[in-house]
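Descriptive structure summary
In case you want the letters, here they are:
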Amino acid sequence: MSDSDPLIYKVDGMNTTFSIRLRGVKEADAESTFHSCCELLEALEDALSRYRHDSDISRINSMQTGDELLVDSVTHECLKHAMYAYQATQGLFDATLGQQITHRRENLQDKAPSLEGQLKIAEDQPLVQCLRAGRQIDLGGIGKGYALDQWAKALEPLKLESALLSSGTSTHLAIGEYSWPIQMTHDEGHSIYSLQSGG
């Protein structure tokens, strides 16, 4: 590996592959921090994955009308991010479309399930209320982006030159001034874009 090559680490989680590319950091320090990131990702998946039956999200998805559920603080914070995204996009992003997402992802031929139910996320405490049963949460890109944000915080003590954090091919977070090439696939083929921190 040359001085210009980044250190690259990968781990599977949240139904995809997470990766970290690091520049300007000692390999021993990078490996230790990556180990901490793997433990952090496992904890986040325990709370946020709809594919784990005992996660906060799975428990929310099983709630009945009138139920209330206290959740982990990270779940609460991520759900509030999802709620703000819903408001900012005027409903174009909706993390409670789990059943419809599953229907589309599995290419089912029958009619998509209708949108029913209503959940309420408390602002001042980690509480979820089911006002009417029927909604299913799938955090999707919000969950993966939240995980990358937590990884970025874990990397802060390294004082590294630059980093690129990725969750699959859809969600990326750049740190530092280095411009990372990102390949985006579309109907006409693919394009290469440069991603760097805006800070």
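Attention in this report is confined to the structure presented alongside it. (Residues numbered from 1 in each chain as written. Predicted model: local features only at pLDDT ≥ 70, side-chain atom pairs only at ≥ 80, totals over all residues. Heavy atoms only, no water.)

Attention shifts here to the nonpolar core. In a soluble, globular protein the nonpolar side chains are often hidden away together inside. Counting residues in hydrophobic clusters, the biggest one holds 41 residues, and the most contacted among them are Leu-22, Ile-60, Leu-139 and Trp-151. Dropping the residues within four chain positions of it, Trp-151 is found in contact with Val-11, Phe-18, Ser-19, Ile-20, Phe-34, Cys-37, Leu-40, Leu-41 and Leu-165. (Core = buried A, V, L, I, M, F, W, Y, C linked by side-chain atoms within 4.5 Å. Buried < 20%, exposed > 50% of the residue type's maximum accessible area, 1.4 Å probe, protein only. Contact = heavy atoms within 4.5 Å.)

Both strand 8 (residues 180-186) and strand 9 (residues 189-195) contribute to a ladder of 7 bridges, which runs antiparallel. By the bridge assignment for strand 9, Gln-183 is matched with Ile-192. Linking strand 8 to strand 9, which pair antiparallel, is a turn of 2 residues. (Pairing = 2+ DSSP bridges. Helix = DSSP H or I, 4+ residues; strand = E, 2+ residues; numbered from the N terminus.)

The subject of this paragraph is the pattern of salt bridges. All told, the structure shown has 6 salt bridges when counted by the stated rule. The partner of Arg-50 in a salt bridge is Asp-138, and the shortest N-O contact between them spans 3.0 Å. With a gap of 88 residues between them, Arg-50 in the loop between helix 1 (27-48) and helix 2 (56-61) and Asp-138 in the loop between strand 5 (127-132) and helix 5 (140-155) connect regions that are remote in the sequence. Taking relative accessible area as the criterion, Asp-138 reaches 10% and is therefore assigned buried. With a shortest N-O distance of 3.4 Å, Asp-94 and Arg-135 are connected by a salt bridge. One end of the pair, Asp-94, is in the loop between helix 3 (73-88) and helix 4 (98-105); the other, Arg-135, is in the loop between strand 5 and helix 5, and 41 residues separate them in sequence. The same class applies to Asp-94 and to Arg-135, which are both buried. (Salt bridge = Lys/Arg side-chain N within 4 Å of Asp/Glu carboxyl O.)

One non-glycine residue with positive phi stands out, namely Met-14, at about 50 degrees. Counting through the fold element by element, Met-14 comes out in the loop between strand 1 (7-13) and strand 2 (16-23). A relative accessible area of 10% places Met-14 in the buried class. A positive phi is found at Gln-90, a non-glycine position, where the angle reads about 55 degrees. Residue placement: Gln-90 occurs in the loop between helix 3 and helix 4.

Once that is clear, we can look at the environment of Trp-151. Within the secondary structure, Trp-151 is located in helix 5. In sequence terms Trp-151 and Ile-20 are 131 residues apart; their C-alpha atoms lie 9.2 Å from each other.

This paragraph deals with the packing of aromatic side chains. Overall, the coordinates contain 4 aromatic pairs when judged by the stated rule. Seen in terms of ring centroids, Tyr-9 and Phe-34 are 5.1 Å apart; in terms of plane orientation they differ by 25 degrees. Their pairing is stacked. Linking Tyr-9 in strand 1 with Phe-34 in helix 1, this pair joins segments that are 25 residues apart in sequence. For Phe-34, a relative accessible area of 12% gives the class buried. Its guanidinium or amino end placed over the ring of Trp-180, Arg-23 lies 5.3 Å from that ring's centre, counting from NZ or CZ. Note that Arg-50 overlies the ring of Tyr-51, its terminal NZ or CZ placed 5.8 Å from the centroid. (Phe/Tyr/Trp six-rings, centres within 6.5 Å; stacked < 30°, edge-to-face > 60°. Lys NZ or Arg CZ within 6 Å of the ring centre and 35° of its normal.)

What follows is about the environment of Ser-73. Checked against the element boundaries, Ser-73 lands in helix 3. Distance from Ser-73 to Ala-47, taken between C-alpha atoms, is 9.5 Å for residues 26 residues apart in sequence.

Taken in spatial order, the 4 strands make up an open sheet running 1-2-6-7, and their pairing is antiparallel. Whereas interior strands pair on both sides, the edge strands pair on one side only; in this sheet they are strand 1 and strand 7 (171-176). Each adjacent strand pair in this sheet contributes to an overall mean axis angle of 10 degrees, direction not counted. With 7 bridges connecting them, strand 1 and strand 2 associate as antiparallel partners. Counterpart to Gly-13 in the pairing with strand 2 is Thr-16. Lying over the sheet, helix 5 contacts strand 1, strand 2, strand 6 (162-167) and strand 7, oriented at roughly 20 degrees with respect to strand 7. (Axes fitted to C-alpha atoms, helices over the stretch in contact; angles between N-to-C directions.)

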